[in-house]
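Listed below are the residues making up each chain.
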Amino acid sequence: SENGRPATCVYIDDVRGLLELVRLGVLELHVWGSTARMPDRPERAVFDLDPGEGVAWTQVVGAAREIRAALARRGLRSFVRLTGGKGVHVVLPFAPGPDWATVKAFSQSLARQLAAAHPERYVASASKHLREGRIFIDWLRNVRGASSIANWSLRARPGAPVAMPLHWRELGVTRSGADYPLPRALRRIDRLHRSPWEGWTDASRQRLPPAC
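Residues numbered from 1 in each chain as written. Predicted model: local features only at pLDDT ≥ 70, side-chain atom pairs only at ≥ 80, totals over all residues. Heavy atoms only, no water.

Taken as a whole and assessed by the stated rule, the structure comprises 14 salt bridges. For the salt bridge of Asp-40 with Arg-144, the shortest nitrogen-to-oxygen distance reads 2.5 Å. Residue Asp-40 is found in the loop between strand E1 (30–31) and strand E2 (44–51), and its partner Arg-144 is found in the loop between strand E6 (135–138) and strand E7 (148–149); the two are separated by 104 residues along the sequence. The class for Asp-40 is partly exposed, based on a relative accessible area of 38%. (Salt bridge = Lys/Arg side-chain N within 4 Å of Asp/Glu carboxyl O. Helix = DSSP H or I, 4+ residues; strand = E, 2+ residues; numbered from the N terminus. Buried < 20%, exposed > 50% of the residue type's maximum accessible area, 1.4 Å probe, protein only.)

In structure tokens:
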């Protein structure tokens, strides 16, 4: 671990492992932004859009699109999922190589730039008293030991909503971050012919630029 002491973490690498978690009663699967093979070399960043009181869902959708555009201006491709809770995750894959400090600096910089440009809409600070009527761009998912909900994970909430990966074009017709309770999520799986995150493998080769 960071303090030099041994630490034990759990990872799974096959369906049997996943079923063992189910057998133990695990509902929510939260994962690091790195793999067990290289825990100190993250390969994705997550921008968690957490709306405060009084924020309309359309504003959350707009915020996700704005982050996507900001990343695209840097030559980066991103992906979107509903969290199964209140918000949206914009997920940025990249080739392993940067350390956690580099990924933290990049995500923090982007969040602060957006908050500075649109202070009436966004906040980049975790202080709860600043969030009313604004969206917290939570960049703190991108530090060592932090985690975010995995695609397709159930949430321990009424209706068992699913953290749902989407095509970007689908985001505009959603109604909330919990738009896919379990029965609807199962119907979606039956209808899907390809992954909503098609292109992830190619995007995972992109290079994370320095923070600016």
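Before going further, it helps to spend a moment on the sheet that holds strand E5 (residues 122–123). Pairing is mixed across the open sheet formed by six strands, whose spatial order is E5-E6-E2-E4-E3-E8. Of all strands in the sheet, those with a lone pairing partner are E5 and strand E8 (165–166), marking the two edges. Contacts between helix H3 (residues 100–117) and the sheet are confined to E2, strand E4 (88–93), E5 and E6, with E2 contributing the most and set at about 35° to the helix. (Pairing = 2+ DSSP bridges. Contact = heavy atoms within 4.5 Å. Axes fitted to C-alpha atoms, helices over the stretch in contact; angles between N-to-C directions.)

What follows covers the packing of helix H2 (residues 57–73) against H3. Direction vectors running N to C along H2 and H3 enclose 120°, while the axes themselves pass 11 Å from each other. Accordingly, the angle class assigned to the pair H2 and H3 is oblique. Handedness of the H2/H3 crossing: right-handed. Counting all contacts with H2, which are made through Glu-66, Ile-67, Ala-70 and Leu-71, the residues of H3 involved are Phe-106, Leu-110 and Leu-114. (Parallel < 35°, antiparallel > 145°, perpendicular 65-115°, else oblique. Left-handed = near helix turned anticlockwise from the far one by under 90°.)

Scanning the model with the defined rule gives four aromatic pairs in all. Measuring from centroid to centroid gives 6.3 Å for Trp-32 and Trp-100, while their planes differ by 85°, and the two rings are edge-to-face. Placement of Trp-32 in the loop between E1 and E2 and of Trp-100 in helix H3 is noted, with a sequence separation of 68 residues between them. The exposure class of Trp-100 is buried, given its relative accessible area of 7%. Ring plane angle 55° and centroid distance 5.2 Å describe the contact between Phe-79 and Trp-200, whose orientation is recorded as tilted. A residue pair is termed long-range when its members are at least 10 positions apart, and Phe-79 in strand E3 (residues 79–82) and Trp-200 in helix H5 (residues 200–203) qualify at 121 residues. Relative accessible area serves as the criterion here: at 3%, Phe-79 is assigned to the buried category. Of the aromatic side chains, those joined through ring pairs into one cluster are Phe-79, Trp-197 and Trp-200. When the ring centre of Tyr-180 is taken as reference, the NZ or CZ atom of Arg-184 above it lies at 4.2 Å. (Phe/Tyr/Trp six-rings, centres within 6.5 Å; stacked < 30°, edge-to-face > 60°. Lys NZ or Arg CZ within 6 Å of the ring centre and 35° of its normal.)

Turning to a nonpolar patch on the surface, a few remarks are in order. On the surface, Val-10, Ile-12, Val-15, Leu-18, Leu-19 and Val-22 cluster together to form a nonpolar patch covering roughly 570 Å² of accessible area. The class of Ile-12 is partly exposed, set by a relative accessible area of 37%. (Patch = residues over 30% accessible without salt bridge, like charges linked within 9 Å, V, L, I, M, F, W, Y side chains within 5 Å. Areas by Shrake-Rupley, 256 points an atom, 1.4 Å probe, with all protein chains shown as cover.)

Okay, the nonpolar core next. Phe-47, Ile-67, Leu-71 and Leu-171 are the most contacted members of the largest nonpolar core, which has 38 residues in total. Only E2, H2, E3, E4, H3 and E6 provide two or more residues apiece to this core. Residues in contact with Leu-71, not counting those within four places in the same chain, are Phe-47, Leu-76, Ser-78, Val-90, Leu-92, Phe-106 and Leu-110. Core analysis: the second largest hydrophobic core is formed by six residues, Val-46, Val-91, Trp-197 and Ala-203 among them. (Core = buried A, V, L, I, M, F, W, Y, C linked by side-chain atoms within 4.5 Å.)

Backbone geometry at Trp-152 places phi at a positive 70°, although glycine is not the residue there. Mapped onto the secondary structure, Trp-152 falls in the loop between E7 and E8. Trp-152 gets classed as partly exposed once you look at its relative accessible area, which sits at 34%. Unusually for a residue other than glycine, Ala-160 sits at a positive phi of about 50°. As for its position among the elements, Ala-160 is in the loop between E7 and E8.

The analysis is restricted to geometry; functional conclusions fall outside its scope.
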